[in-house]
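Close look at the chain arrangement
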Amino acid sequence: MRLNSKAFIWSTVVVIWLIVAMTIVVEISAPFKAFLVQFAGHHWIGKSIISAAAFVATYLLFRKSDESGDLLKGVFLAVGSVILGGCVIFSFFLWHFVT
């Protein structure tokens, strides 16, 4: 079985933004945080399980996609998502602290 690098990249990008969204929603919504705690014992573990499942699901969704294209562009997309996602989370917590 040959792994599809494009599917890995897209799965990574999807999971990065899912984690960013869940991190913000957990701080805003007590019921969502309670759901994650009830689901896995701690909200961090709940987010991790959901993220791993989302990675597998999106990889399976994209695994048949054509691998044509520049791999380096995909790597830059993933790294850019990490940096931008980190900035979004930092900005949210900064705003949350200030207000």
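Each value, and the rule that gives it
- Residues numbered from 1 in each chain as written.
- Predicted model: local features only at pLDDT ≥ 70, side-chain atom pairs only at ≥ 80, totals over all residues.
- Heavy atoms only, no water.
- Axes fitted to C-alpha atoms, helices over the stretch in contact; angles between N-to-C directions.
- Helix = DSSP H or I, 4+ residues; strand = E, 2+ residues; numbered from the N terminus.
- Parallel < 35°, antiparallel > 145°, perpendicular 65-115°, else oblique.
- Contact = heavy atoms within 4.5 Å.
- Nonpolar A, V, L, I, M, F, W, Y, C, P; charged D, E, K, R; others polar.
- Phe/Tyr/Trp six-rings, centres within 6.5 Å; stacked < 30°, edge-to-face > 60°.
- Buried < 20%, exposed > 50% of the residue type's maximum accessible area, 1.4 Å probe, protein only.
- Left-handed = near helix turned anticlockwise from the far one by under 90°.

1. A closer look at the packing of helix 2 (residues 30-40) against helix 3 (residues 43-62)
Direction vectors running N to C along helix 2 and helix 3 enclose 80°, while the axes themselves pass 7 Å from each other. By the angle between their directions, the pair helix 2 and helix 3 is classed as roughly perpendicular. Taking contact as the criterion, the partners of Lys33, Leu36, Val37, Phe39 and Ala40 in helix 2 are, on helix 3, His43, Ile45, Gly46, Lys47, Ile49 and Ile50. Across the contact of helix 2 with helix 3, the residue classes break down as seven nonpolar, two polar and two charged.

2. Regarding the packing of aromatic side chains
One pass over the full model with this rule turns up seven aromatic pairs. Here Phe92 and Phe93 contribute two aromatic rings whose centre-to-centre distance is 5.4 Å and whose plane-to-plane angle is 70°, an arrangement assigned as edge-to-face. With relative accessibility at 10%, the residue Phe92 sits in the buried group. Here the aromatic residues Phe8, Phe55 and Tyr59 are joined through ring pairs into a cluster of three or more.

3. Overview of the packing of helix 1 (residues 5-28) against helix 3
Packed helix pairs are characterised by how far apart their axes lie and by the angle those axes make with each other. Two numbers describe how helix 1 lies on helix 3: the axes approach to 9 Å, and their chain directions differ by 150°. When the interaxial angle is binned, helix 1 and helix 3 end up roughly antiparallel. Of the two possible hands of crossing, helix 1 and helix 3 adopt the one that is right-handed. Residues Ala7, Phe8, Trp10, Ser11, Thr12, Val14, Val15, Leu18, Ile19, Met22, Thr23 and Val26 of helix 1 form the contact with helix 3, whose participating residues are His43, Lys47, Ile50, Ser51, Ala54, Phe55, Thr58, Tyr59 and Phe62. The residue makeup of the contact of helix 1 with helix 3, split by class, is 14 nonpolar, six polar and one charged.

4. Considering the environment of Thr23
Along the chain, Thr23 turns up in helix 1. For Thr23, a relative accessible area of 12% gives the class buried. Those residues in contact with Thr23 that lie beyond four places of it in its chain are Lys47, Ile89 and Phe93.

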